[in-house]
Amino acid sequence: MEKVDNVNKATCRELLVRRMFLAIGASIVVHFLLMSVVLLITNLKITHPLQWLQNTWNVITCLRMWTCFFVFSLVVFLNGIVSSKDYMNPTSYASSRFVKFCQIFIPHNFMLGSIYIILGGALAWLHLSVEGGRFGSLVRSCEKIQGYCLVEEHYFLLLNGLWIGLYFFTNSSYLGTRILQFPIIPQSKLSQVRRGIRIIIGSTMMDALWPTMYFMIFYVVFGNYCRHLFTTPFHLSIEEEPLDHISRLLTVSIIFYAWLHAVLFVLIVQSMHLFFQAYLTQWVSFNIEKNHYGEKGNICLSDALAMDIPILQKLGYLDLINIAQKDKNRRAVLFTLSQPGGHPYNWNSIYGKCMTLLKNFCNGINAACSTQKEQEPIIKNPIPILKNSGTGKPHTYHMRSLVSPATPCSAKIEEKQVPAESFITQYLKKMKESVVNYLLSKRLISFIFAEQFESKLRHVFNEAQAVIWAADSISSLAAVSLEEDPYGIVQKDISEIIKVFLSLKQSLDKLQKLNVSIRKPVSDDRFLKQTLTGLRSAVRRSLYRIISHFRNYIDDLALSPGVADQLQPFFTYKE
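Residues numbered from 1 in each chain as written. Predicted model: local features only at pLDDT ≥ 70, side-chain atom pairs only at ≥ 80, totals over all residues. Heavy atoms only, no water.

### Focus on the packing of helix H6 (residues 152-170) against helix H10 (residues 252-280)
Point 1. With their axes 10 Å apart at the nearest point, H6 and H10 run at an angle of 35° to one another. Taken as a pair, H6 and H10 cross one another with a handedness that is right-handed. Where H6 approaches H10, its residues Glu153, Phe156, Leu157, Asn160, Ile164, Gly165 and Phe168 are matched on the opposing element by Ile254, Tyr257, Ala258, His261, Ala262, Phe265 and Val266.
Point 2. A class-by-class count of the residues in the contact of H6 with H10 yields ten nonpolar, three polar and one charged. (Axes fitted to C-alpha atoms, helices over the stretch in contact; angles between N-to-C directions. Helix = DSSP H or I, 4+ residues; strand = E, 2+ residues; numbered from the N terminus. Left-handed = near helix turned anticlockwise from the far one by under 90°. Contact = heavy atoms within 4.5 Å. Nonpolar A, V, L, I, M, F, W, Y, C, P; charged D, E, K, R; others polar.)

In structure tokens, the structure reads:
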């Protein structure tokens, strides 16, 4: 079984890697088109339009252009490979500010930061080398003295390129966590890219001004040291006035090129993320039955739902919502029984994965809310549960128990075998808890080391999209089962589905009442509010969908009085 799981997981990674390579290739092609447009603009000659087009074509097709662009493409490709790990691996949880600070110094961030800096320098070198002109070379022969002189404009723009890479790496709005946003309405890759490019270009023009201004201020202050650091080892001279003088630095051409390189760098980084999103979020049709389980090229839907790769798990739930709401033929496969045997393996596997996701998400919200002082018990199980003394499985009871529950003999033996904690161990534990609580009571220590509610909630909300699809899928399948389920395999789970939905609704209502995100705004405050609103709407929508279809059969579902009372607002449409 473990070998089969490894084969299936390798097939999933193969699918994602193939899409990532396509996204990286598309990003390189887009930058080649952008560079051609830049060359067309910089070589503009209004008086000779034919010569202008001819010169631009000669620059684009020359060997120097392709050689430089090949080197630049290797850097872009390497950046795409390193960045793709952010989409493949689950997001790590940083419980406190101290943990967040420590996570900055991981090898992946050092590698990504180095590639960003190299990418910014390579971008400036590519455009300066291909466009030519006064800034096309770093060194030239001196006119007044013997030897070689530094072309400081070229040197300034190269340093500016390196600075741009460092700036946008450290800027959280561009580095940040890489979360892929699935479009609300399914769109083609071309539609997503076209819409995204318009949004990126509109914001990039202004965003590129700040790093350019910061570097110009830096060069005015430290330009003399930077210049001597480069000219001294190579014995280079300066014939013109140094560029760190404000009168020399504030020229239109230098400011324009520095700003243009910043714009192009942002377009490279953002367009690559956009292509990753367009390719990786495309719908995948998974196998429902496990007949081809483990064969290369075939991925089972239930395995995709349980995969530890977040993007693949979301693709599984995206396929499930399509099955539940659009594909009647595949729903028929989901409602079939195994032959021979007559077991609902397909439904049980899908249903089990969805319920596990919803329960884990509900527990995550409860754990996040428990960090608040005003935390109260969120979920109150309305159904009394009795442990079966023989098997230990929970059973609901609706009648008077005629025998008292007996403790199994094996449990008594285990209790006797487990030694009680010594007085010293208990004392040390209490001492440790008291010391920790005392330290966390200090504001400065609590600010650095205490667990943050917003961080915990944001980490839980990373699965919100999958939870919304799971709730909509299960409720839609339950609704259509009245007409399409010939064996009634879904009806046996309706009561459990309602209980899980109500538990999740109670947790979300409790979170809404806490209102922490509004009382204490954070950078992703809008994300938290929108996600919470979407989750509450999805749960209410799912409950309404089930109640509207099973209104006439609600007495046959054997719901407890507590659950029935909680459903009353849905019967009267007052929830």
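### Quick notes on the confidence of the model for the chain
Interpretation of the predicted coordinates at a detailed level should be avoided for regions scoring low in pLDDT.
Point 1. Per-residue confidence for the chain gives a mean pLDDT of 81, with 85% of residues at or over 70.
Point 2. Confidence scores differ between elements of the chain, with strand S3 (residues 385-387) showing the lowest mean pLDDT of 35 and helix H19 (residues 464-484) the highest of 93.
Point 3. Taken together, the stretch residues 373-419 has pLDDT below 50 and engages in 44 contacts with residues farther than four places along the chain or on a different chain. (pLDDT = per-residue confidence, 0-100.)

### Observations regarding a nonpolar patch on the surface
Point 1. Together, Phe423, Ile424, Tyr427, Leu428, Met431, Val435, Tyr438 and Leu439 make up an exposed nonpolar region whose accessible area comes to about 860 Å².
Point 2. Structurally, Phe423 can be placed in helix H16 (residues 423-440). (Patch = residues over 30% accessible without salt bridge, like charges linked within 9 Å, V, L, I, M, F, W, Y side chains within 5 Å. Areas by Shrake-Rupley, 256 points an atom, 1.4 Å probe, with all protein chains shown as cover. Salt bridge = Lys/Arg side-chain N within 4 Å of Asp/Glu carboxyl O.)

### Comments concerning the environment of Met88
Point 1. By the element assignment, Met88 lies in helix H3 (residues 63-88).
Point 2. Sequence separation of Met88 and Leu312 is 224 residues, and the distance between their C-alpha atoms is 8.6 Å.
Point 3. The contacts of Met88, once residues within four sequence positions are left out, are Arg13, Leu16, Met20, Ile309 and Pro310.

### Considerations on the side chain of Asp244
Point 1. As for its placement among the helices and strands, Asp244 is situated in the loop between helix H8 (209-234) and helix H9 (246-249).
Point 2. You can call Asp244 buried: its relative accessible area is 11%.
Point 3. Sequence-distant contacts of Asp244, defined by excluding residues within four places in its chain, comprise Glu152, Tyr219, Val220, Gly223, Asn224 and Arg227. (Buried < 20%, exposed > 50% of the residue type's maximum accessible area, 1.4 Å probe, protein only.)

### So, the side chain of Ser481
Point 1. Mapped onto the elements of the fold, Ser481 is located in helix H19.
Point 2. A residue is classified by how much of its surface remains accessible, and Ser481, at 1% relative accessible area, is buried.
Point 3. A polar contact is formed between the side chain of Ser481 and the side chain of Gln491, at a distance of 3.0 Å.
Point 4. The residues touching Ser481, leaving out its near neighbours within four places in the chain, are Phe335, Val490, Gln491 and Phe550. (Polar contact = N/O pair within 3.5 Å; in protein donor to acceptor, adjacent residues only side chain to side chain.)

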